[in-house]
Amino acid sequence: MNNLLNKKILLIICGGISAYKSLELIRSFKKKGAQIKTILTNSAKQFVTPLSVTSLSQEKVYDDLFSLENESKMDHISLSRWSDVILVAPATANTIAKLSSGSSDDLASTVMLASDKNIFLAPAMNVRMWEHRSTKENITKLKNYGFSLIGPEVGDMACGEFGEGKMSEPEKIIEKIEDYFVSLSKNKKFKALVTAGPTREYIDPVRFITNKSSGKQGYELAKSLSKKGFQTTLISGPTNLEVEKNINFIEVETADQMFKETQKNLPADVAIFSAAVADFKVQKQQTEKIKKEDYLNLGLEKNIDILNYISNHNSLRPKLVIGFAAETIDLENNSKKKLIDKNCDWIIANDVSNKSIGFNSDFNEVTIFYKNKNMKEEKLSLKRKSEISDEIVDRVLDQLN
Ligand code: PMT
């Protein structure tokens, strides 16, 4: 089967002696039916010419950030949006350093900084550069950001030295990209449901009870699942966040609406309940705005516990039910109690007394408690919510497979 047919690959060529191998890459990708757009960095043009790249890819070569921005059809965002995957080959020490520091001073780095696609790096550099501590730290950082590495290999270098730093051969790079698309299509059989954000429980038409949830953790989880090929539904309370177009997005306001939509969108293989659902709603919501001088009595009643209902419902229960626990004290005991009481397979606990993680932060630090492993716990140390989500989804895949 041809796994690359019609796949859209954005190839970024940086300035290194192995840039000549990128021409072979383009030729082979084209032969397998892939579409290729190419960005050349300034130094790449010292090694390969735009003319040879255009001839092989049969596409315009992109190289200048500023002339590009004048074009309405294909700006740096559109280039990333167009692609199914981004491949940097060769990825030089300089480009790796720029990516790890978030610098965006040319088209290649700007496109990658603005991209939410999977980015593969095929590093190529002298062995001492590869082994330098700063490169090692940059690579660790990029791996944590979700970049994938292909190579480098050990061998004789153009500079006469021997060691690790050679760019992988085009066949190996193509095989890795093919593997990626194969695993994506394998995972397409999996359905995932994520709840996210806060709920609003109305008192009257303009006032409501809510909480501090921004939805960031849940949206990142949905993004990671979708990136790995899952058919993903995200049911979210009100947030200011953008949703990727591949995700089936359902916006709700109240816990009752979230409950209804959750039932409607099951069964699934995995459900992750990251929403901060309000525990209470107002018994009698006023249809007109309450006046200041009116007597205000907020009679509250308990909302349905969506997670608890689903995890105890035979025909709706996904194979893997994952709850979150937002705790301010005694994280371990409270989370383990929720794991049992709510009949989850895993509980992901975050300490929301720490203001720099949890609610509304871009970062989180979580502990996963696994029921099937005798409540064994696993800590995912402080990192971006996007990275935490990628790590959680890797574990979900291990479990489902
Ligand atoms: O949205 P962010 O700003 O990114 O913040 C992320 C987060 C802190 C909200 C998230 O990481 C998190 O911890 N979400 C769960 C918050 C919460 O309500 O925890 P809880 O301990 O009260 O609830 C336990 C579990 O039951 C959760 O999975 C919750 O979704 C679920 N639940 C709770 C009440 C209810 N009525 N229905 C539910 O499904």
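Residue numbers restart at each chain and count upward from 1, following the sequence in its written direction. Where local features are concerned, this predicted model is filtered to residues with pLDDT of at least 70; where side-chain atom pairs are given and counted, the filter is 80 or more; whole-chain, interface and lining totals use all residues. As a rule here, side-chain values cover all heavy atoms of the structure and leave hydrogens and water aside.

Participant: I'd like a rundown of the nonpolar core, residues and numbers included.
Facilitator: Grouped together as the largest cluster of nonpolar side chains are 29 residues, with contacts concentrated most on Ile9, Ile13, Phe29, Leu87, Ile173 and Ile177. Comment: elements are numbered from the N terminus, with helices defined as DSSP H or I runs of at least four residues and strands as E runs of at least two. The set of elements that each furnish at least two residues to this core consists of strand 1 (8-13), helix 1 (19-31), strand 2 (35-40), strand 4 (85-91), strand 5 (119-123) and helix 9 (170-187). Element by element, the count of residues in this core is highest for helix 9, at six residues. Nonpolar cores are built from buried Ala, Val, Leu, Ile, Met, Phe, Trp, Tyr and Cys residues. Side-chain atoms within 4.5 Å join them into one set. Note on classification: 1.4 Å probe, protein chains only; a residue is buried when its accessible area is under 20% of the maximum for its type, exposed when over 50%, partly exposed between these limits. The next biggest cluster of nonpolar side chains, apart from the first, holds 28 residues, and it includes Ala196, Phe230, Ile392 and Leu400.

Participant: If you had to explain the packing of helix 1 against helix 2 (residues 50-57) to someone new, which residues and values would you point to?
Facilitator: Contact geometry of helix 1 with helix 2 gives a least axis separation of 9 Å together with a crossing angle of 15 degrees. As judged from the angle between their axes, helix 1 and helix 2 are roughly parallel. Here helix 1 runs over helix 2; the crossing is right-handed. Here Leu23, Ile26, Arg27 and Lys30 of helix 1 lie close against helix 2, whose contacting residues are Ser52, Val53, Leu56 and Ser57. The convention used is that axes are lines fitted to C-alpha atoms, helices contributing only their stretch in contact, and that angles between N-to-C directions extend from 0 to 180 degrees. Any angle that falls under 35 degrees is termed roughly parallel, while one over 145 is termed roughly antiparallel, one within 65 to 115 roughly perpendicular, and all others oblique. Crossings are sorted by hand: turned counterclockwise from the far helix by less than a right angle, the near helix makes the crossing left-handed, and turned clockwise it makes it right-handed. Here, two residues are considered to be in contact whenever any of their heavy atoms come within 4.5 Å of each other.

Participant: Go over the sheet that holds strand 5, please, and point to the residues and values.
Facilitator: In this description, strands pair whenever DSSP reports at least two bridges between them. Spatially, the six strands line up as an open sheet ordered 3-2-1-4-5-6, and their pairing is parallel. Each edge of the open sheet carries a strand with a single partner, namely strand 3 (61-62) and strand 6 (148-149). Of the pairings in the sheet, the one linking strand 4 to strand 5 comprises four bridges and is parallel in character. Bridge assignment links Ala91 to a residue of strand 5, and that residue is Pro123. Sitting on the sheet, helix 1 is in contact with strand 1, strand 2 and strand 4, with an inclination near 170 degrees to strand 1. The strands touched by helix 9 within the sheet are strand 1, strand 4 and strand 5, with strand 4 carrying the most contacts at an inclination of about 160 degrees.

Participant: Summarise the layout of surface pockets; cite the residues concerned and give the values.
Facilitator: Each pocket or cavity is described by its volume, and for the second largest pocket that value is around 790 Å³. For each structure, a 1 Å grid was placed over the protein atoms alone; sets of points admitting a 1.4 Å probe that cannot get out are labelled cavities, open sets with protein on both sides within 12 Å along at least five of seven lines are labelled pockets, and lining residues have an atom within 4 Å of a point. As for the second largest pocket, its lining consists of 36 residues, of which Ala275, Ala276, Val277, Phe324 and Ala326 are closest to the centre. Those elements giving two or more residues to the lining of the second largest pocket turn out to be strand 9 (191-196), helix 10 (216-227), helix 12 (306-311) and strand 17 (320-327). Any residue outside Ala, Val, Leu, Ile, Met, Phe, Trp, Tyr, Cys, Pro, Asp, Glu, Lys and Arg is labelled polar, Gly included; the first ten of those are nonpolar and the last four are charged. For the lining of the second largest pocket, the per-class residue count stands at 15 nonpolar, 14 polar and seven charged. Grid points are joined across faces, edges and corners, and a volume is the space filled by probe spheres set on the points.

Participant: Describe unusual backbone geometry, and please don't skip the residues or the numbers.
Facilitator: A cis amide bond links Gly151 with the next residue in sequence, Pro152, at an omega value of 5 degrees. Residue Pro267 is bonded to the preceding Leu266 through a cis peptide linkage, with omega at 10 degrees. Looking at where Pro267 falls in the secondary structure, it is placed in the loop between helix 11 (255-264) and strand 14 (270-273). With phi around 65 degrees, Asn6 is a residue other than glycine that occupies positive phi space. Within the secondary structure, Asn6 is located in the segment before strand 1. The backbone of Gln58 sits at a positive phi, close to 55 degrees, despite the residue not being glycine. Along the chain, Gln58 turns up in the loop between helix 2 and strand 3.

Participant: Which residues make up the site of the ligand, and what values do they have?
Facilitator: As a structural note, the neighbourhood of the ligand is formed by 27 residues, with Ser214, Phe273, Lys338, Asn350 and Asn360 the closest of them. We get accessible surface area from the Shrake-Rupley algorithm with a probe of 1.4 Å; when it comes to residues, only the shown protein chains can shield them. In isolation the ligand has 780 Å² of accessible area, and contact with the protein removes 96% of it. Any molecule with more than half of its atoms within 2 Å of a cavity's or pocket's grid points is counted as sitting in it. The pocket occupied by the ligand, as judged from atoms lying within 2 Å of grid points, is the second largest pocket. Mapped onto the shell around the ligand, the elements with two or more residues apiece are helix 10, helix 12 and strand 17. Near, as used in this document, describes a residue that has one of its heavy atoms within 4 Å of the molecule or strand being considered.

Participant: Before we move on, can you summarise the side chain of Asn265 with the specific residues and values?
Facilitator: In this fold, Asn265 is placed in the loop between helix 11 and strand 14. Classification of Asn265 as buried rests on a relative accessible area of 17%. Among the polar contacts made by the side chain of Asn265, one reaches the main-chain carbonyl oxygen of Glu261 at a distance of 2.8 Å. Those residues in contact with Asn265 that lie beyond four places of it in its chain are Lys191, Leu193, Thr233, Ile235, Asn248 and Ile250. Polar contact is defined as a pair of N or O atoms within 3.5 Å, subject to the rule that within protein one atom must be able to donate a hydrogen and the other to accept it, and that residues adjacent in sequence are counted only when both atoms are side-chain atoms.

Participant: Account for the pattern of salt bridges, with residues named and values stated.
Facilitator: Each reported salt bridge corresponds to a side-chain nitrogen of Lys or Arg within 4 Å of a carboxyl oxygen of Asp or Glu. Considering all chains together, one arrives at 27 salt bridges under this definition. The residue Glu131 makes a salt bridge to Arg128 at a minimum N-O spacing of 3.7 Å. Highlighted residues: Glu131 and Arg128, both in helix 7 (residues 127-131), separated by three residues, approximately one helical turn. Salt-bridge contacts for Asp362 lead to Lys216; the nearest nitrogen and oxygen are separated by 3.1 Å. Taken together, the residues span a long stretch of sequence, with Asp362 in the loop between strand 18 (346-351) and strand 19 (363-370) and Lys216 in helix 10 at a distance of 146 residues. Looking at Asp362, the relative accessible area reads 38%, which means it is partly exposed. A cluster of three or more residues bridged by salt bridges with shared partners is formed by Lys98, Asp105 and Asp106.

Participant: Any details on a nonpolar patch on the surface? Residues and values, ideally.
Facilitator: Exposure above 30% relative accessible area and the absence of a salt bridge qualify a residue for a patch, where like charges join within 9 Å and nonpolar side chains (Val, Leu, Ile, Met, Phe, Trp, Tyr) within 5 Å. Nonpolar side chains collect at one region of the surface, where Phe280, Leu296, Leu298 and Leu300 lie side by side and expose about 350 Å² of accessible area between them. Structurally, Leu300 is set in strand 16 (residues 300-302).

Participant: I'd like a rundown of the packing of aromatic side chains, residues and numbers included.
Facilitator: Aromatic ring pairs: the centre-centre distance and the angle between the two ring planes describe each pair. The criterion for an aromatic pair is that two Phe, Tyr or Trp rings (for Trp, the six-membered ring) have centres within 6.5 Å, with stacked assigned to planes under 30 degrees apart, edge-to-face to planes over 60 apart and tilted to the rest. Applying the stated criterion across every chain, the model contains seven aromatic pairs. Taking 4.9 Å as the distance between ring centres and 85 degrees as the angle between the ring planes, the aromatic pair formed by Phe259 and Tyr309 counts as edge-to-face. Residue Phe259 is located in helix 11, and its partner Tyr309 is located in helix 12; the two are separated by 50 residues in the primary sequence. Residue class for Tyr309 comes out partly exposed when judged on its relative accessible area of 30%. Pairwise contacts between aromatic rings join Phe120, Tyr180 and Phe181 into one cluster. Sitting over a ring, as applied to charges here, requires NZ of Lys or CZ of Arg to be within 6 Å of the ring centre and within 35 degrees of the ring normal. The cationic tip of Lys7 hangs over the ring face of Phe181; the distance from NZ or CZ to the ring centre is 5.3 Å.

Purely geometric stuff here, so don't read any function into it on its own.
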